[in-house]
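# Examination of the molecular architecture
Residue strings, one per chain:
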Amino acid sequence: MSHRLSLSGSTIMTNPSQLTKLFRDDMDHIEIGEFPSEESFDEFLKLVREHKVSFGLHSPLYRNQSKYDLLEKVQFEPQQAWEQFENEVRYMANLGAEYVLVHFPYFKKASVENVDITIEQGLRRLSKLQDKYSIPIVCEPKLGLDRSPVGIQYLHNFPLEIWETYNLKLCIDIGDYLLAVGEKALDYISKWRDFIKVAHLHNVEFHGGEYIWVPVHPSHEGDGKHFCIKEILLFLTRCKDVHFVFEHTPHSNPTDKFVDEGIQWVRKHLLN
């Protein structure tokens, strides 16, 4: 199996002055989005060419654009969101991006609609875009408002055989799944093993009523403060050709040493 270690633009919050930090010798892929300007994205593309790495877009391409609106209005009307997303897919295909990742399915809260029909309608549109522009589209189910788990639960209940007909891959965000369903996370994730292309790696720390993404690290296992992720990580290593994307944010001010130790911990499990 050909797994790859990747770094997310979230680790620098896509700060243009820190783009060079994403280009590490031990990473050959970057997943990124929410650039503040066209100029900053152009600078990123220049660095991609210089360092000869691949990249995937984590939609949206630019800040303050639609992130969650394909199925229902959060900040934008769905039609606006679909138009933006198609433009991004077209652009990324022309640039040679490895994939485009989109938050799907996303529901703000429990829906009274037939959610299977709603999800399948979205899958149909995403699949058509994937075929039209010949670039993989990766779907990342997300928590809703106030950490609502309904989107992840709706996906879990969605028929596997219907998903399979649309030839779309999935991103599993470990933090979102653990927040959504706790100890059931691995049961939820394992249903989708044949469709997982991307895994977002981070742990969770709570500060008051808020939470932040922190780097994965072996010291978290069993410390009583963080989620244990080793079992999920080992499962994902048995899936086929997964991008393991380190997606912590800088809010906890992790040291380079701490981040590197987490990366080496993951690498060890991939090699075993």
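Scroll up a little and you will see the structure.
Residues numbered from 1 in each chain as written. Predicted model: local features only at pLDDT ≥ 70, side-chain atom pairs only at ≥ 80, totals over all residues. Heavy atoms only, no water.

## Considering the overall build of the protein
Helix and strand content of the protein: nine helices and ten strands. Projected onto the principal axes, the alpha-carbon positions of the protein cover approximately 45 × 45 × 40 Å. Burial analysis of the protein (272 residues in total) assigns 53% to the buried set. Taking as baseline every contact in the protein between residues at least 6 positions apart, the subset at least 24 positions apart corresponds to 74%. Accessible area for the protein stands at about 12700 Å²; split by element, carbon and sulfur atoms hold 47% of it. Counting 30 positive and 40 negative side-chain charges, the protein places the centres of these two groups 2 Å from one another. (Helix = DSSP H or I, 4+ residues; strand = E, 2+ residues; numbered from the N terminus. Buried < 20%, exposed > 50% of the residue type's maximum accessible area, 1.4 Å probe, protein only. Contact = heavy atoms within 4.5 Å. Areas by Shrake-Rupley, 256 points an atom, 1.4 Å probe, with all protein chains shown as cover. Lys, Arg positive; Asp, Glu negative; His and termini not counted. Charge placed at Lys NZ, Arg CZ, Asp CG, Glu CD.)

## Details of the layout of surface pockets
Approximately 900 Å³ is the volume found for the largest pocket. For the largest pocket, the lining is made up of 33 residues, of which Glu34, Lys67, Tyr68, Lys142 and Trp213 are closest to its centre. When residues in the lining of the largest pocket are grouped by element, the largest group, four residues, is from strand β9 (residues 210-214). Within the lining of the largest pocket, the residues separate by chemical class into ten nonpolar, twelve polar and eleven charged. If you add up the space inside the second largest pocket, you get close to 400 Å³. Taken together, 15 residues make up the lining of the second largest pocket; nearest its centre are Thr11, Ile12, Lys21, Asp256 and Val259. (1 Å grid on protein atoms, 1.4 Å probe; cavity = no way out; pocket = protein on both sides within 12 Å on 5 of 7 lines; lining within 4 Å. Points joined across faces, edges and corners; volume = space filled by probe spheres on them. Nonpolar A, V, L, I, M, F, W, Y, C, P; charged D, E, K, R; others polar.)

## Side note on the sheet that holds strand β10 (residues 243-246)
By definition, the strands of a sheet pair up through backbone hydrogen bonds, in either a parallel or an antiparallel sense. Within the closed barrel, the eight strands sit side by side as β1-β2-β3-β4-β5-β6-β7-β10. Their pairing is parallel. Ignoring which end each strand starts from, the neighbouring axes of this sheet average 25 degrees apart. Along the sheet face, helix α8 (residues 230-237) touches β7 (196-201) and β10 and points at about 155 degrees away from the line of β7. (Pairing = 2+ DSSP bridges. Axes fitted to C-alpha atoms, helices over the stretch in contact; angles between N-to-C directions.)

## Quick notes on the environment of tryptophan 213
Inspection of the secondary structure assignment puts tryptophan 213 in strand β9. A C-alpha to C-alpha distance of 13 Å links tryptophan 213 and glycine 9, two positions 204 residues apart in sequence. Setting aside its immediate chain neighbours within four residues, tryptophan 213 contacts Asp173, Gly175, Asp176, Leu179, His202, Asn203, Val204, Glu247, His248 and Thr249.

## A closer look at the environment of tryptophan 192
For tryptophan 192, the location among the structural elements is in the loop between α7 (185-190) and β7. For tryptophan 192, a relative accessible area of 0% puts it in the buried group. Note: C-alpha distance between tryptophan 192 and cysteine 239 (47 residues apart in sequence) is 9.6 Å. Residues contacting tryptophan 192, with those up to four places away along its chain left out, are Leu155, His156, Phe158, Leu160, Trp163 and Leu170.

## Some thoughts on the packing of helix α2 (residues 78-95) against helix α3 (residues 115-133)
Helix-helix packing is described using two parameters, namely the angle between the two axes and the distance between the axes. For the pair α2 and α3, the least separation of the axes is 10 Å and the interaxial angle reads 25 degrees. The orientation of α2 with respect to α3, classified from their angle, is roughly parallel. Two packed elements cross with a definite hand, and for α2 against α3 that hand is right-handed. Between α2 and α3, the contacting residues are Gln79, Trp82, Phe85, Glu86, Val89, Arg90 and Ala93 on the first element and Gly122, Arg125, Leu126, Leu129, Lys132 and Tyr133 on the second. (Parallel < 35°, antiparallel > 145°, perpendicular 65-115°, else oblique. Left-handed = near helix turned anticlockwise from the far one by under 90°.)

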